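Observations on the three-dimensional arrangement
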Amino acid sequence: MDPTAYAFSGYSGGVAGLGHTHFIGIGGAGMSVLAEMLHEDHVDVDGSDALAGPKTERLASLGIPVQIGQQAEHVAHADTVVWSSAIKAENPELRAALDGGKRLVHRSDILALLLSESTGVTVAGAHGKTTTSALIAHILTHAGEGELADPSYAVGGTIQGPNGSLDGGHAGTGRVLVAEADESDGSFRKYHPSIAVITNVEADHLDHYGDAEHFRAAFVDHAHHATDHVVLCADDEGALAVLRAMDAEAAKHAVAYSTSDCESLGDLNGAYFARIQSESESASSGEEYFVLRLPAALLGTGQGSDESVEIPVTLGIPGLHNARNASAAIIACTLLGMNPVKAAEAARSFLGADRRFQLRGVVEGVSVVDDYSHHPTEIAALLDAARRRYPESTLRVLFQPHLFSRTRFFTEAFAQALAKADDVIVTGIFPARERQQDFPDINASTIVKAARQLPHEPEQGWIQAVEDMNQAGAMLAMRAHRGDVLFTVGAGDVTQVVPVILHALEAHRQSHGARGSQR
């Protein structure tokens, strides 16, 4: 099905007019957030999912009925039925909605409707969008005043802050809605935000777009839909190309941010320029430091092109990539009307989005960190950050590739990124919407074979393929030593192996302790 084929044909009723709304696959990261937002807006919501999980349990705890298993009768009383691109055409609830003449809308249509009723800030990019959107929501939640206070947000992960975790979906009383703009199926073209943040335009989802050129063109189109400003990372060649392809009038209201100086970047198509400078990181605390130099004209405090304001920033999340993410967030909040110094101060208490460099436990000096990275550039950035955070440690990685098509497209890039670690196990590919039979030659060994052909391959035996995820986790734990850091990496269900690893580390510790006491 084409995600644009079932939009609101002539619909003008707003959120309140949706009536009884049923979500097919309500436990999905994007779907659960929207369901919760509609529920907070007093829409009658229910849904179904093939399997129970943390998201379905949370929704049920909020009073949203959730059926486990998908059957045609679940949509019988619905006025509106919401589906996502992950739902197959043969899904019985989708077929029943079609046959019953229900108002059938794609997940992106619901988000577009919510954005149209707010001052929307969207964050798009092959990677970094969850952290950046979570940071914007965090800054506004903790430091926003007046209409900028209590924002709504639709973020694909929990938001970690000084007072604990906030779920990724919230319908606030303020005028701002912060949302991830999913580019995977092209549906982000439906959004018309006030501010569009583009973290990068590095080719991904080529199973949908076909090639990098069409992928980039979709971002140009998305940028032109922003009604006020576009914020782009000029360190990324793809985002820089989008800026240069924008029409001159739109580019005049864009802000490009970079770790490089303006002159070395070349043509910025008339956009404002913000510089990330003096970046460093503390290995002892993991804090990230930098100075964000903003053009004074952007703040309404200067007219000259060379006038600027320097904002010192300290983050509790490590890595140069997070300095970029935080810069985008601070710029977006400034464009909304916040004082940038207050925005930077609020960013300091942000402790990350769920599964972004998330420390899950330490056993006998071995740290276990869980991370969502699933694109080669993300993995490289993760391991670069880890080297700075743990300069004396051995880095061991359990990587679960996400999608057969992505594994095929980026085999060599994955191998190069993983070579930044000391010890790697690649486990079975998480298929998501794909099927193994359509990619018979792609499996965990695909990346391992490419890694062993690297011209500067690390120590022999540094990487291997183990299809069973739990077995792989236990193996990695058994060869860990005090001071090592173990990473579970991927966008699938690899996070579920963390308890296995922690248990194996504990059992290993107790076993060695018992043997030591017998000596």
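Everything in this summary refers to the structure shown in the same document. Quick caveat: nothing in here was measured; it's all calculated off a predicted structure. The numbers attached to residues start from 1 for each chain and follow its sequence in the written order. Side-chain atom pairs in this predicted model are given and counted only at pLDDT of 80 or more, local residue features only at pLDDT of at least 70, and totals for whole chains, interfaces and linings cover all residues. Side-chain calculation: all heavy atoms of the structure are included, whereas hydrogens and water are not.

Concerning the overall build of the protein chain
Condition: Secondary structure follows DSSP: runs of H or I at least 4 residues long count as helices, runs of E at least 2 residues long count as strands, and numbering of each begins at the N terminus. Only C-alpha atoms enter the radius of gyration, while the globule expectation follows 2.2 Å times N to the 0.38, with N the number of residues. Each residue's exposure class comes from its accessible area (1.4 Å probe, protein chains only) as a fraction of the maximum for that residue type: buried when under 20%, exposed when over 50%, partly exposed otherwise. Every accessible area reported is derived by Shrake-Rupley at a probe size of 1.4 Å, with residue values counting cover from the shown protein chains alone. Just so you know, the count uses Lys and Arg for positive and Asp and Glu for negative, and it drops His and the chain ends. Here the site of a charge means atom NZ of a Lys, CZ of an Arg, CG of an Asp or CD of a Glu.
Along the backbone of the protein chain there are 19 helices and 24 strands. Its C-alpha atoms give the protein chain a radius of gyration of 23 Å, within 12% of the compact-globule value 24 Å for 519 residues. Oriented by its inertia axes, the alpha-carbon framework of the protein chain measures out at about 75 × 65 × 45 Å. For the protein chain, the proportion of its 519 residues judged to be buried stands at 56%. Approximately 20,800 Å² of the protein chain is accessible, and the part contributed by carbon and sulfur atoms is 48%. Charge separation in the protein chain, taken as the distance between the mean sites of 38 positive and 66 negative side-chain charges, equals 5 Å.

Digging into the pattern of salt bridges
Formally: Any Lys or Arg side-chain nitrogen found within 4 Å of a carboxyl oxygen on Asp or Glu counts as a salt bridge.
Counted according to the given criterion, the structure contains 21 salt bridges. Between Glu279 and Arg388 there is a salt bridge, with its nearest N and O atoms 2.9 Å apart. Separated by 109 residues along the polypeptide, Glu279 in strand S15 (residues 272-281) and Arg388 in helix H14 (residues 376-389) bring together distant segments of the chain. Between Arg387 and Asp422 there is a salt bridge, with its nearest N and O atoms 3.0 Å apart.

Side note on unusual backbone geometry
The residue His42 is not glycine, and still its phi comes out positive at about 70°. The topology assignment puts His42 in the loop between helix H1 (29-40) and strand S2 (45-49). Using a relative accessible area of 74% as the deciding quantity, one classes His42 as exposed. The residue Ser278 is not glycine, and still its phi comes out positive at about 55°. One can find Ser278 in strand S15.

Overview of the packing of aromatic side chains
The criterion, for reference: Aromatic pairs are defined between Phe, Tyr and Trp rings, using the six-membered ring for Trp, whenever the two ring centres lie within 6.5 Å; interplanar angles under 30 degrees are classed as stacked, those over 60 as edge-to-face, and all others as tilted. Two conditions define a charge located above a ring, namely a distance within 6 Å from the ring centre to NZ of Lys or CZ of Arg, and an angle within 35 degrees of the ring normal.
Tallied over the entire structure, the rule returns six aromatic pairs. Seen from their ring centres, Phe357 and Tyr390 are 6.4 Å apart, and the 10° between their planes marks the pair as stacked. Of the two residues, Phe357 sits in the loop between strand S18 (352-353) and strand S19 (358-363) while Tyr390 sits in the loop between H14 and strand S21 (395-399), which places them 33 residues apart along the sequence. For the residue pair Phe357 and Tyr390, the accessibility class agrees, reading buried in each case. Where Phe399 meets Phe414, the ring centres are 5.3 Å apart and the plane angle is 40°; that geometry is what we call tilted. Here Phe399, found in strand S21, pairs with Phe414, found in helix H16 (residues 411-418); they are 15 residues apart in sequence, far enough to count as distant. There is no split in this pair, since Phe399 and Phe414 are both buried. Taken together, Phe188, Phe215 and Phe219 form an aromatic cluster joined through their ring pairs. Positioned over the ring face of Phe409 is Arg408, at 5.4 Å from the centre of the ring.

Focus on the sheet that holds strand S24 (residues 485-489)
We count it as follows: Whether two strands pair comes down to DSSP finding at least two bridges between them. Interaxial angles span 0 to 180 degrees and are taken between N-to-C directions of axes, which are lines fitted to C-alpha atoms, for helices over the stretch in contact. Residue contacts are defined here by distance: any two heavy atoms, one from each residue, within 4.5 Å place the two residues in contact.
A sheet is described by the order of its strands in space; here six strands give the open sequence S19-S20-S24-S21-S22-S23, paired in mixed fashion. Strands at the two margins of the open sheet, each flanked by one partner only, are S19 and strand S23 (463-465). Pairs of neighbouring strands in the sheet enclose a mean axial angle of 15°, with direction left out of account. Sheet strands touched by H14: strand S20 (366-371), S21 and S24. Its angle to S21, the strand with the most contacts, is close to 155°.

Observations regarding the pairing of S19
Judged from the five bridges that link them, S19 and S20 form a sheet pairing that is antiparallel. When the sheet's bridge partners are listed, Gly361 is paired in S20 with Val368. Count of turn residues in the S19/S20 antiparallel hairpin: two residues, of which Glu364 carries a positive phi of about 50°.

Let's talk about the sheet that holds strand S6 (residues 119-124)
Pairing in this open sheet of ten strands is mixed, and the strands run S10-S7-S11-S6-S12-S13-S14-S15-S16-S17 from one edge to the other. Lying at the two open borders of the sheet, with one neighbouring strand each, are strand S10 (169-170) and strand S17 (308-315). Pairing of strand S16 (residues 288-295) with S17, which is carried by eight bridges, proceeds in the antiparallel orientation. Counterpart to Phe290 in the pairing with S17 is Val313.

Concerning the side chain of Ser108
By the element assignment, Ser108 lies in helix H4 (residues 107-116). Contact partners of Ser108, with chain neighbours within four places excluded, come to Ser187, Lys190 and Tyr191.

Regarding the pairing of strand S13 (residues 229-233)
Most of S13 is tucked away: five of the five residues are buried. Every second residue of S13 is oriented toward a common face, with His229, Val231 and Cys233 on one face and Val230 and Leu232 on the other, all of them buried. Bridging between strand S12 (residues 195-198) and S13 involves four bridges; their strand directions are parallel. In the strand pairing of S13, Ile195 is matched with His229. As judged from the four bridges shared by S13 and strand S14 (residues 254-258), these two strands associate in the parallel manner. Bridge pairing links Val231 to Val255 in S14.

Remarks on the packing of helix H12 (residues 320-336) against helix H13 (residues 340-347)
How we decide: Any angle between 65 and 115 degrees counts as roughly perpendicular, while under 35 counts as roughly parallel, over 145 as roughly antiparallel, and the rest as oblique. Each crossing is labelled by how the near helix is turned from the far one, with a counterclockwise turn of less than a right angle marking it left-handed and a clockwise turn marking it right-handed. Residue polarity is assigned by list, with Asp, Glu, Lys and Arg as charged and Ala, Val, Leu, Ile, Met, Phe, Trp, Tyr, Cys and Pro as nonpolar; anything else, Gly included, falls into the polar class.
Interaxial distance between H12 and H13 falls to 9 Å at its minimum, and their mutual angle equals 140°. Here H12 is positioned oblique relative to H13, judged by the angle of their axes. Two packed elements cross with a definite hand, and for H12 against H13 that hand is right-handed. Within the contact between the two elements, H12 uses Ile330, Cys333 and Thr334 and H13 uses Pro340, Ala343 and Ala344. Counted by class, the contact of H12 with H13 contains five nonpolar, one polar and no charged residues.

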